[in-house]
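Here is how the chains run, residue by residue.
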Amino acid sequence: MRSRSGRGRPRKDSPTVLYDVPGPRARRRNLLWTLLFLAALAAVVWWVVAGLADKNQLAWSKWAPFFTDARVWETYVLPALKNTVIAAALSMAIALPLGALLGVLRLSDHRAVRGAAGTVVEFFRAIPVLILMLFANAAYSEFTGVSPDTRPLYAVVTGLVLYNASVLAEVVRAGILSLPVGQTDAAEAIGMRKGQTMAYVLLPQSVTAMLPALVSQLVVIVKDTALGGAMLGFSELLASVRPMSANYGANTIACFTVVAVIFVILNFALTTSASRLEGRLRRGKRSSGAVVGADAVEELAVPGEHGDRPGKP
């Protein structure tokens, strides 16, 4: 029964906003489908585990090096992890400001600037990142004196920067355009120039809205470092599986599992940090209002024609 204000609790048998409450037959049917799905999932898991056991991939001897031999970490895993983190960090540090710049330039009032930025963004966004890495590697080999030992790192970072900066540019542009037009009008009303409006009003406010998409793209950067190991010989995490498996008894499944867990930990740490940053930004926006005291108001008041404050008779 609803209260007089119309905000009482709905009855249990009343339909919700999105769907009707299932009846007894529907609940039994949903329970049956759930049990069937769980049974199918258990069968698939059993089939995979049984297949791995038949091929001796679950034996303790395959997994023991990661728990008993520090050399596997010192020789293979940690150096590869270091290269992955370096490549991802450099790519993020360059792609973020470059993407923000391209996104702002795409909103320029000048057609030539807007067209040039749009051409760059659309061109590099349309090319697969692996092809960009391969072209960058060939360009460094042909036109520069970069050492062959460091050339894969340069190529991986270049490909990641060109592709992800183009994607981030669209994220920044969409985040700025999502703000109410009144923000720009208010900034112009107090005499702010377009550059000041972008730097001090639009970009700071759009960061919170853009943050989930930005974090998703940063996770893509971390994962795409594996492409350099597959095609360019870059010594990153995924590329460490082959030498580890060759030197520790063909424990390919164990190596891939450890590398996958490390990637999950890296990306989880990145997303968790970004979530905390987003929470701080949102709390800062709610609590950043300045309170002006009465004394400050009196000091700011401009004397009137007869020495009185404006509005005072």
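Here the structure is shown first, and the text comes after it.
Residues numbered from 1 in each chain as written. Predicted model: local features only at pLDDT ≥ 70, side-chain atom pairs only at ≥ 80, totals over all residues. Heavy atoms only, no water.

**Looking at a positive patch on the surface**
A cluster of basic residues, Arg 25, Arg 27, Arg 28 and Arg 29, forms a positive patch at the surface. With respect to the helices, strands and loops of the structure, Arg 27 is situated in helix H1 (residues 24–54). (Patch = residues over 30% accessible without salt bridge, like charges linked within 9 Å, V, L, I, M, F, W, Y side chains within 5 Å. Areas by Shrake-Rupley, 256 points an atom, 1.4 Å probe, with all protein chains shown as cover. Salt bridge = Lys/Arg side-chain N within 4 Å of Asp/Glu carboxyl O. Lys, Arg positive; Asp, Glu negative; His and termini not counted. Charge placed at Lys NZ, Arg CZ, Asp CG, Glu CD. Helix = DSSP H or I, 4+ residues; strand = E, 2+ residues; numbered from the N terminus.)

**Some points on the nonpolar core**
Residues Phe 66, Val 156 and Met 244 are the most contacted members of the largest nonpolar core, which totals 33 residues. For this core, the secondary-structure elements that each account for two or more residues are helix H4 (71–105), helix H6 (129–143), helix H7 (151–177), helix H9 (194–231), helix H10 (241–247) and helix H11 (252–287). Considering each element in turn, this core owes the most residues, 7 residues, to H4. The residues touching Phe 66, leaving out its near neighbours within four places in the chain, are Val 72, Trp 73, Met 244, Asn 251, Ala 254, Cys 255 and Val 258. (Core = buried A, V, L, I, M, F, W, Y, C linked by side-chain atoms within 4.5 Å. Buried < 20%, exposed > 50% of the residue type's maximum accessible area, 1.4 Å probe, protein only. Contact = heavy atoms within 4.5 Å.)

**Regarding the environment of Thr 75**
Relative to the assigned elements, Thr 75 resides in helix H4. Note on Thr 75: relative accessible area 48%, which makes it partly exposed. Residues Thr 75 and Ser 240, spaced 165 residues apart in sequence, show a C-alpha to C-alpha distance of 9.5 Å.

**A word on H7**
Taking 1.5 Å per residue as the helical rise, H7 with its 27 residues ought to reach 39 Å, and the 39 Å between its terminal C-alpha atoms agrees with that figure. Along H7, 20 of the 27 residues are buried, which leaves the element largely enclosed by surrounding structure. (Expected span 1.5 Å × (residues − 1).)

**Points about the packing of H4 against H7**
The interhelical angle for the contact between H4 and H7, taken along N-to-C directions, is 40°, at an axis separation of 6 Å. In terms of their interaxial angle, H4 and H7 are classed as oblique. In the packing of H4 onto H7, the handedness of the crossing is right-handed. Of the residues that constitute the contact of H4 with H7, the class distribution is 20 nonpolar, 4 polar and 1 charged. (Axes fitted to C-alpha atoms, helices over the stretch in contact; angles between N-to-C directions. Parallel < 35°, antiparallel > 145°, perpendicular 65-115°, else oblique. Left-handed = near helix turned anticlockwise from the far one by under 90°. Nonpolar A, V, L, I, M, F, W, Y, C, P; charged D, E, K, R; others polar.)

**Brief notes about the pattern of salt bridges**
Taken as a whole, this structure holds 7 salt bridges when the rule is applied. In this structure, the salt-bridge partner of Arg 106 is Glu 122, at a minimum N-O distance of 3.4 Å. Placement of the pair is Arg 106 in the loop between H4 and helix H5 (111–126) and Glu 122 in helix H5, with a sequence separation of 16 residues. Judged by relative accessible area, Arg 106 falls into the buried class, the value being 18%.

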